[in-house]
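Analysis of the macromolecular model
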Amino acid sequence: MNNGGNRKRDGSGQGRGSGSGGGGRNKGGAFGPGGSCVCAGCGEKVPHEQGVKCTSIKCPKCGKPMVREELLGK
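Attention in this report is confined to the structure presented alongside it. Only a predicted model underlies this, so the values are computations on that prediction, with no experimental measurement involved. (Residues numbered from 1 in each chain as written. Predicted model: local features only at pLDDT ≥ 70, side-chain atom pairs only at ≥ 80, totals over all residues. Heavy atoms only, no water.)

With antiparallel pairing, three strands are arranged side by side in an open sheet as β2-β1-β3. Of all strands in the sheet, those with a lone pairing partner are β2 (45–47) and β3 (66–68), marking the two edges. For this sheet the average axis-to-axis angle between neighbouring strands, irrespective of direction, equals 35°. Alignment of strand β1 (residues 36–39) against β2, held across three bridges, turns out to be antiparallel. Pairing of Ser36 across the sheet is with Pro47, part of β2. (Pairing = 2+ DSSP bridges. Helix = DSSP H or I, 4+ residues; strand = E, 2+ residues; numbered from the N terminus. Axes fitted to C-alpha atoms, helices over the stretch in contact; angles between N-to-C directions.)

Time to look at the environment of Met66. Residue position: Met66 is located in strand β3. The class for Met66 is buried, based on a relative accessible area of 0%. Dropping the residues within four chain positions of it, Met66 is found in contact with Cys37, Val38, Cys39, Glu44, Val46, Cys54, Thr55, Ile57, Lys58, Cys59 and Pro60. (Buried < 20%, exposed > 50% of the residue type's maximum accessible area, 1.4 Å probe, protein only. Contact = heavy atoms within 4.5 Å.)

Have a look at this one:
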């Protein structure tokens, strides 16, 4: 019987897996349109703008990069 080359049919071969994947701090998902961007240095808070990553915004008080409020865990 030809089984298409050297593919195993007994279930012992390597498959695609069923892991959950999606690494990163928030499992690869977005936090949504609301929320705030916070400066980890001085604590200044500004409203998050949809489509703009907080890390691309500089703090208006001290100039450091801001982070999403949910990532600070406060």
